[in-house]
Amino acid sequence: MKPKVIGVFIFLLSLSLFGEAQAQNVQRKPKEKVDQQEALEIIRQKREYFPKFTAQMERIRKNEAIVKEMRFVRGTGRGNPASAGKSVITIDISFIETPNKAYDDNRLLVVLFHELGHLYYKKQHPVADKIENEKFAFEYSLKRTMELAEAGDCQPLQTAVKFLMRRSQSNHTNDVHVIALKKLVVAPQFLKYKKYAERCDH
């Protein structure tokens, strides 16, 4: 290989490695904590984009005794929009500040219900089984979106069924979420939700 060609190859390789290192640094960067009042104001300003999510978030904050605190962080708009700890739900407001087609109002609402489901599972099972925890949380999101469908809003349930089925087909068989979903989607209860979602709006 000629020296000039070798030089170009090394330059391109270094760019590739630098880009990979940069991506890893971005992923490892901790999410910035956001003051609750600031976060709530941002969410309220975006209410027109996320009316269902905003309404249910407010309802959960005020009425769900199991949620002792709702925390807010600012990430990069990637990864998980929300997470659940012991009596705490943490919401990443970057998904609200910069609306993402992949996470519209209905999908963020499903995620919120999923995290709430984790809290109810942990209350019933102090020593949690990771797979059963995820399965319970997924089914809880279906239960809550079913209630909305029965009240006239079919989209959250249809969104939940769509994305749960899609993720259940993943080949990441070491992922507890995927394992839980593969068990859930063949359960009679899931088929009930699926059938209701299919005929909803018709």
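Notes on the structure in this doc start here. No experiment lies behind these values; they were computed from the predicted model shown.

Notes on the nonpolar core
- Phe53, Met57, Val67, Phe72 and Ile91 are the most contacted members of the largest nonpolar core, which has 28 residues in total.
- Counting only elements with at least two residues in this core, the list comes to helix 2 (36-45), helix 3 (51-63), strand 2 (69-74), strand 4 (88-92), helix 4 (94-97) and helix 5 (105-124).
- At 7 residues, helix 5 tops the list of elements feeding residues into this core.
- For Met57, the contacting residues outside a window of four places in its chain are Leu40, Ile43, Met70, Phe72, Ile91 and Leu112.
- Core analysis: the next-biggest nonpolar cluster, separate from the first, contains 18 residues, Ala160, Val161, Val185 and Tyr193 among them.

Overview of empty space enclosed by the protein
- Enumeration over the complete set of coordinates arrives at 1 cavity of 30 Å³ or more.
- Computed from the structure, the largest cavity encloses a volume of approximately 50 Å³.
- Phe53, Pro81, Ala82, Ile91, Asp92, Phe95, Ile96, Leu108, Val111 and Leu112 together form the lining of the largest cavity.
- Those elements that place two or more of their residues in the lining of the largest cavity are strand 4, helix 4 and helix 5.
- Element by element, the count of residues in the lining of the largest cavity is highest for helix 5, at 3 residues.

About the thresholds
- Throughout this document, residue positions are counted from 1 along each chain, in the order its sequence is written.
- Restriction of local features to residues with pLDDT of at least 70 applies here, the model being predicted, together with a cutoff of 80 or more for giving and counting side-chain atom pairs; totals for whole chains, interfaces and linings are based on all residues.
- To get the side-chain values, take all heavy atoms of the structure and skip hydrogens and water.
- The nonpolar core is taken to be a set of buried Ala, Val, Leu, Ile, Met, Phe, Trp, Tyr and Cys residues, with the residues joined through side-chain atoms within 4.5 Å.
- In this scheme, a residue with accessible area under 20% of its type's maximum is buried, one over 50% is exposed, and one in between is partly exposed, where area comes from a 1.4 Å probe on protein chains only.
- Put simply, DSSP H or I for four residues or longer makes a helix, DSSP E for two residues or longer makes a strand, and each gets a number counted from the N terminus.
- In this description, contact between two residues means that some pair of their heavy atoms is separated by no more than 4.5 Å.
- A cavity here means a set of points on a 1 Å grid, drawn over the protein atoms and nothing else, where a 1.4 Å probe fits but cannot get out; a pocket is an open set with protein on both sides within 12 Å along at least five of seven lines, and a residue lines either one if it has an atom within 4 Å of a point.
- Grid points are joined across faces, edges and corners, and a volume is the space filled by probe spheres set on the points.

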